[in-house]
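A look at the structure
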Amino acid sequence: MISPNGGAREETVNPTARWPERLAHIAVLLRAEGTAVLATSADELRTVFAHDLSPDTKWRGIFDADAVVRALGGTTVGTAVAAGRWDDQAAFALLTRIDLPDGEALLCALRHGVPFDAVELSTATSAAELLAMSVGDGRAIADAKHESSQNNDRVALLERLLTGLEETRDASALLARAAEDISTRMGAGGTSIMLVEGKRLRVRASVGIGVPLGHEQRLDEGIAGWVASRGERVVLLGPVDDDRFHGSDPQAGESVITPLRAGDEILGVLNVKRPTGAEGFGQKLEVLDAIAGDVGRALVAINRIEDLEREWRSEVALEDVMRQAAASDGDAAARTAASSFGHHAVAVRAPDGRILALHAEDKECREAALEASAQVEAPPGSGIRVGVARHGRPYEPGEEQLAGRAADALGLLAHTKMDSSAKRQSDVRVLAVEDHPVMRLGVRALLEREGLVVAGITSTCAEAVDLIAEDEPDVVLLDLGLPDASGPDAVTKIREVSSSLPIVAFSVERAPEVIRAVLRAGANGYVSKDAPSSQVIAALEAAVQGLTALGQAEARALSRTAETMPVAEPVGDTAEVAADDSEPGAAVAVREPLTPRELELLRYLAEGYTNKEIARAMVLAEDTVKKGVQTLIAKLGATDRTHAVVLALRRHIIE
């Protein structure tokens, strides 16, 4: 018989379905006129199967009590049957035991004429053993088919869970899909999944059950709460009237409530009810437990992925805060800390109580952050005090460590503010090239205020070239919109008189192609004219130290195209120089060595992976991969990702 089993189809095997045929074969072997299988019930013998014998035969008239006892004891009995007990003639009979898995039965054979001899009695014993074996084999086949069907259901569900992990990082979407699959495969009229959240259970997935998503109940309430609290499965077969289950539905029908486990931790409960098949859930308890374990492990996996991505985003954000704080851009550092870590206000105070940085989205949070920064105890070292505030939800204890790391990053503001004057007394000589009279005044005031020496200010590229030839400065701040040279042409003309003089482009232009062309022409940095003054000074100092500097806006402009920017990297006086085959005759400085993570990224680029595919393979956010590709291209001195792979192959970095 083929019967539905949820989403699968299971063959139900009746191990005695062919016994009438087997009895006919046994009758031939024993030269009997009829055979039967008898069941014992109290003092009665009842026909179960018969071949050429009436099922109404009075077996107690044929076999006395002693013969039945001896046969059940394991002795094959042959006996004479008086006329009138079976039919009108005298006959002969044999009786032997059949050992069944759940009891005993008797094999009987009858004939006229001659009694059964010793060989036939032995044959009857063997025939009974074969009948018993057929029952055992049939049941084993049935159990194997049932187990295989259940395993197939579990494997199918597990494959769906794994596919869901690849397609979504949303636990709610994953659980919704799992609930639908479980209902289908297990033949359930309703399925729900509830997760433990603090001291409550919350419905995160529901199919065929009139309970809305988000519904909550206490952990000490109802059957689901009892299962989640104790980690024990509950099987209901009818109305519930049990003092253990406070608040349970007295009209609940057949259902199974089993815990979702991850090791020793109970994550929630799986509830299936109202079976659609006649067999109910009784034969599916083990597979339901296994499925609940699979769902629990999938939840752990997706939560771990979320944690890793959150940690990575935090590291990237902390890096941004530190870079901005090191550049003395306190407001930008506070703004980044607020947006990245869920604050609505961030206030930073110096040891003497001065406000070094403040970012606030509303007045209430602003006042709260300022008050917190005034009251918090200053940590040893920098002595800086940071206060944060937000509305909508309170801070959790687990956020303290991350808040502390953000405060440490913002602590760089104290050092940069206190040490700025010392750093600027470096006698760095700057030649500014700017054709706008007002801008010339502003540039001079900026350089002198920050402690740099103004070696000269010219309005044309020709004048700048003459000054460089007479007395070369330490660095050039170059406007790109000069009357006699614009864009990369201005850089090229200066490079004709000095191949090593640091040049920082200073322009309102942010087009990626312009920035790229200027950098290729030999500029050491590019800063927008609307950038903070601290960023302009930092770019000049970086150029003097042999570094390449870009403002954030310029870096973003480059990242919107396939080609990427070079990044700041040390170039000492003794840096090695190697010939680059991609540009005959050109020499490039050997870049800093690649990290193992960058080598792995480079290999994925060589295989033609997209950023999205790399992010999935390396378990990273796509934005993180994009930044990593930019850094890699810059380290190799390439113009785009394809050029980076070509250079890596030529330099035998990868094979």
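For every chain, the first residue of its written sequence is number 1, and the numbers climb from 1 along that sequence. It should be noted that, the model being predicted, local features are given only for residues of pLDDT at least 70 and side-chain atom pairs only at 80 or more, the latter also being counted only at that level, while totals for whole chains, interfaces and linings use all residues. Side-chain metrics in this entry use all non-hydrogen atoms of the structure; hydrogen atoms and water are not considered.

Description of the sheet that holds strand 19 (residues 475-479)
- One bridge is not enough; two strands pair if DSSP finds at least two bridges between them. Runs of H or I in DSSP of at least four residues are treated as helices and runs of E of at least two as strands, each being numbered from the N terminus. Strand order in the open sheet formed by 6 strands is 18-17-19-20-21-22, and the pairing between neighbours is parallel. Strands at the two margins of the open sheet, each flanked by one partner only, are strand 18 (453-458) and strand 22 (549-550).
- Both strand 20 (residues 503-507) and strand 21 (residues 525-528) contribute to a ladder of 4 bridges, which runs parallel. Across the sheet, the residue bridging to valine 504 is glycine 525, located in strand 21.

Considering the pattern of salt bridges
- Only one rule defines a salt bridge in this text: a Lys or Arg side-chain nitrogen within 4 Å of an Asp or Glu carboxyl oxygen. Inspection of every chain in the model, using the stated rule, returns 15 salt bridges.
- Residue arginine 202 is joined to glutamate 197 by a salt bridge in which the shortest nitrogen-to-oxygen separation is 2.7 Å.
- One salt-bridge network, in which partners are shared between bridges, spans Glu197, Arg200, Arg202, Arg204 and Glu216.

Observations concerning the pairing of strand 15 (residues 355-360)
- Taken together, the 5 bridges between strand 14 (residues 345-349) and strand 15 define a ladder with antiparallel strand orientation. Bridge pairing links alanine 347 to leucine 358 in strand 15.
- Here strand 14 hands over to strand 15 after 5 residues, with glycine 353 in that stretch at a positive phi of 95°.

Some points on the sheet that holds strand 4 (residues 44-51)
- The strand order 4-3-7-6-5 describes an open sheet built from 5 strands, whose pairing is antiparallel. The two strands at the open ends of the sheet, each matched to only one other strand, are strand 4 and strand 5 (77-81). Across the sheet, the mean angle from the axis of one strand to that of its neighbour is 30°, orientation sign disregarded.
- In the sheet, strand 3 (residues 34-41) pairs with strand 4 via 7 bridges, with the strands oriented antiparallel. Looking at strand 4, one finds that alanine 36 is bridged to alanine 50.
- Strands strand 3, strand 4, strand 5, strand 6 (91-100) and strand 7 (103-111) of the sheet are contacted by helix 3 (residues 65-72), whose axis makes an angle of about 40° with strand 6. Axis definition: a line fitted to C-alpha atoms, over the contacting stretch in the case of helices. Angles run 0 to 180 degrees between N-to-C directions. Contacts: residue pairs with any heavy atoms within 4.5 Å of one another.

Let's talk about the nonpolar core
- Put simply, a nonpolar core is a bunch of buried Ala, Val, Leu, Ile, Met, Phe, Trp, Tyr and Cys residues held in one set by side-chain atoms that sit within 4.5 Å of each other. Any residue under 20% of the maximum accessible area for its type is buried, any over 50% is exposed, and the rest in between are partly exposed; the area is computed with a 1.4 Å probe on protein chains only. Leu175, Ile182, Ile193, Leu260, Leu270 and Val272 are the most contacted members of the largest nonpolar core, which has 23 residues in total.
- Listed by contribution, the elements that provide at least two residues to this core are helix 5 (171-186), strand 8 (188-197), strand 12 (255-262), strand 13 (265-275) and helix 7 (285-326).
- The dominant element in this core, judged by the number of residues it contributes, is helix 7, at 7 residues.
- Setting aside residues no more than four positions away along its own chain, leucine 260 makes contact with Ile193, Met194, Leu195, Glu265, Ile266, Leu267, Gly268, Val269, Leu270, Ala292, Val295 and Leu299.

Side note on the confidence of the model for the protein
- Note on scores: pLDDT gives the predictor's confidence for each residue, bounded by 0 and 100. Taken over all residues, the pLDDT of the protein has a mean of 77, while the share at 70 or more is 79%.
- Summarising per-element confidence for the protein, the mean pLDDT is lowest in strand 1 (residues 2-5) (30) and highest in strand 17 (residues 429-433) (94).
- Here residues 1-13 is a poorly scored stretch, pLDDT under 50, and it has 32 contacts once near neighbours within four places are set aside; other chains count.
- Note that pLDDT drops below 50 for residues 417-425; the model gives that stretch 9 contacts with residues more than four away or on any other chain.

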